[in-house]
Amino acid sequence: MKILYIPLQFFPIQWWYSLASSNFLKSIENIDDLSVTILTHTKLLNNQEFFIKNWTVKRINLWWSSFLHLFFLQFILFFKVFNSHKDYDFVFFETWESAMSIFLLSFLKVLNKKLIVRFHASTDTEWLMWYPRLELRIRKILLKIWLKKINYIFSTNQYHLSFVKKYFFDSNIYEISKKKFFVLPNTLSLDENDIEFNELDIEENKYFLILWRLSIQWFLEKWIDDIILSLIFLKNNNFDFRWNKFVIIWNWDKKEHIKKLIVNNWLEKEVLLLDSLDNKKIHSLQKKSRACIMNSRLEWCSMFALECIFNWWLLIASNVWGLKDMVVDWYNWYFVKPQNIQDLSDKIWKVILMSDNDIKLFKLNSHKIYEEKFSNKKISSDFINILKILKSNNV
């Protein structure tokens, strides 16, 4: 079986879209008789090529760089797929963000049974519905037209398939019944040789880790303010942090706002701010943390959350739909009511008071959920079974 696979971003970029794509490909590399060609516009630069035996990586080299290059890329992708689709059983796009090329391809009837698009993030769903940006409004219009033409719709979790049915099909049961829907979660294939990161003078198991590598566009979705405000709430109520620190790793263009909150509320001793780190250093910090905090207001099949359950970590997480497949409250994580600062404060305090044995039990339970639902073996098995169903349906 031959697949043309088109990720939004790819190796060597160390960003969650790219990591999700690379990890997925590594999980399916041992499927018999599966051949994959990866088509990407990500530049290799001075890195060694991503390698899986007998697979091919084709890179589209755009020699210019401007805000228009992604627009022109959509048409380049269209013509690349148009000229080569006969060589493949399926054409797999990661995310709807390559909207124009997918939309144009959907007008080729022969391709409608070959096209697979996996809804991957809030930029495919919630942003299209409500974020006030012209580009997203246009993509929403294209999406609603495209959905009427294609056969197969994928998502990384069940909730967002329901979202697509409700908002993009307008709950039209007649149209929905014509389609085939599949859940294919993200997975992980982390390097076992993660480096040790020892630059923090903090005792192991005595700090909470918060990851904030996103731009202002994601601020309403992730909302790091709530974490700082919950610490202010604890401090104002005379809770003892018991030497625990809160380490925030970030790469954000509005740092002064958070710094001001920290300084004005005398939290400099409790909160440490680190500039963006590579993934191996982050994994090293996660392994030694007491817990990680993820208080998103929207979330999909998060790579950061997957790293937590893969690596036996305890997580304090918002009770939002994208995380519910990974979490059993009071079993492997603590759920927090979204946008509830008092509840977040309460869960942080509970974890501070937890015994080391209880924390180890939570972490053990986390990894069990990874093995049951998100392991390479599980995703590989699900994917090949789905492909067999699709191929039999296309006969």
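Residues numbered from 1 in each chain as written. Predicted model: local features only at pLDDT ≥ 70, side-chain atom pairs only at ≥ 80, totals over all residues. Heavy atoms only, no water.

Caption draft 1: Region of the structure containing the pairing of strand β12 (residues 315-318). Alternating positions in β12 separate into two faces, L315 and A317 on one and I316 and S318 on the other, with burial throughout. In terms of strand pairing, strand β11 (residues 291-294) meets β12 through three bridges, oriented parallel. Its bridge partner being in β12, M294 is matched across the sheet by A317. Once you follow β11 into helix α13 (residues 303-310) and on to β12, the crossover reads as right-handed. (Buried < 20%, exposed > 50% of the residue type's maximum accessible area, 1.4 Å probe, protein only. Helix = DSSP H or I, 4+ residues; strand = E, 2+ residues; numbered from the N terminus. Pairing = 2+ DSSP bridges. Right-handed = clockwise from strand over helix to strand, strands pointing away.)

Caption draft 2: Main features of empty space enclosed by the protein. Tallying each qualifying case throughout the model produces two cavities of 30 Å³ or more. Reported here for the second largest cavity is a volume of approximately 50 Å³. Every residue along the wall of the second largest cavity is listed here: D226, N295, S318, V336, K337, P338, Q339, N340, I341 and L344. For the lining of the second largest cavity, the residue count by class is four nonpolar, four polar and two charged. (1 Å grid on protein atoms, 1.4 Å probe; cavity = no way out; pocket = protein on both sides within 12 Å on 5 of 7 lines; lining within 4 Å. Points joined across faces, edges and corners; volume = space filled by probe spheres on them. Nonpolar A, V, L, I, M, F, W, Y, C, P; charged D, E, K, R; others polar.)

Caption draft 3: Spatial organisation of the packing of aromatic side chains. Overall, the coordinates contain 26 aromatic pairs when judged by the stated rule. Relative to Y131, the ring of W127 lies with its centre 5.0 Å away and its plane at 15°, an arrangement referred to as stacked. Looking at W127, the relative accessible area reads 6%, which means it is buried. On the basis of relative accessibility, which here comes to 25%, the residue Y131 falls in the partly exposed class. Through successive ring pairs, a cluster of aromatic residues spans Y5, F24, F92, F154, F182 and F383. Against the face of F24 rests R118, its NZ or CZ located 5.0 Å from the ring centre. Between K165 and the ring centre of F181, over which it is positioned, the NZ or CZ distance is 4.5 Å. (Phe/Tyr/Trp six-rings, centres within 6.5 Å; stacked < 30°, edge-to-face > 60°. Lys NZ or Arg CZ within 6 Å of the ring centre and 35° of its normal.)

Caption draft 4: Representation of the pattern of salt bridges within the structure. This structure, assessed with the given rule, holds 12 salt bridges. The partner of D89 in a salt bridge is K391, and the shortest N-O contact between them spans 3.4 Å. Pair noted here: D89 is in the loop between α2 (69-84) and β4 (90-94) and K391 is in helix α17 (residues 376-394), with a separation of 302 residues, a long-range link. D89 gets classed as partly exposed once you look at its relative accessible area, which sits at 25%. Among the ionic pairs, D346 bridges to K350, the shortest N-O distance being 4.0 Å. Taken together, the residues span about one helical turn, with D346 and K350 both in helix α15 (residues 341-353) at a distance of four residues. Taking the relative accessible area as the measure of exposure, K350 reaches 29% and is therefore partly exposed. By sharing partners, the salt bridges in this structure join R133, E135 and R139 into a single network. (Salt bridge = Lys/Arg side-chain N within 4 Å of Asp/Glu carboxyl O.)

Caption draft 5: Seen up close, the confidence of the model for the protein chain. In this model, the protein chain carries an average pLDDT of 85, and 91% of its residues clear a pLDDT of 70 or more. No element of the protein chain has a lower mean pLDDT than helix α9 (residues 219-222), at 67, and none a higher one than strand β2 (residues 35-40), at 96. (pLDDT = per-residue confidence, 0-100.)

Caption draft 6: Spatial organisation of the sheet that holds β4. Read from one edge to the other, the open sheet built from seven strands follows the order β3-β2-β1-β4-β5-β6-β7, with strand pairing classed as parallel. Lying at the two open borders of the sheet, with one neighbouring strand each, are β3 (56-59) and β7 (180-183). The mean angle between the axes of side-by-side strands here comes to 20°, regardless of whether they run parallel or antiparallel. Pairing geometry for strand β1 (residues 2-6) and β2, over four bridges, is parallel. Across the sheet, the residue bridging to I3 is V36, located in β2. (Axes fitted to C-alpha atoms, helices over the stretch in contact; angles between N-to-C directions.)

Caption draft 7: Region of the structure containing the sheet that holds strand β10 (residues 271-275). Strands sit in the order β10-β9-β8-β11-β12-β13 across an open sheet of six strands; the sheet is parallel. Edge positions in the sheet fall to β10 and β13 (333-336), since each of these pairs with one other strand and no more. Across the sheet, the axes of successive neighbouring strands diverge by a mean angle of 25°, strand direction being ignored. In this structure, strand β8 (residues 207-212) lies alongside strand β9 (residues 245-250), joined through six bridges in parallel fashion. Across the sheet, the residue bridging to Y207 is K245, located in β9. α15 contacts β8, β9, β11, β12 and β13 of the sheet and is inclined by roughly 165° relative to β13. (Contact = heavy atoms within 4.5 Å.)

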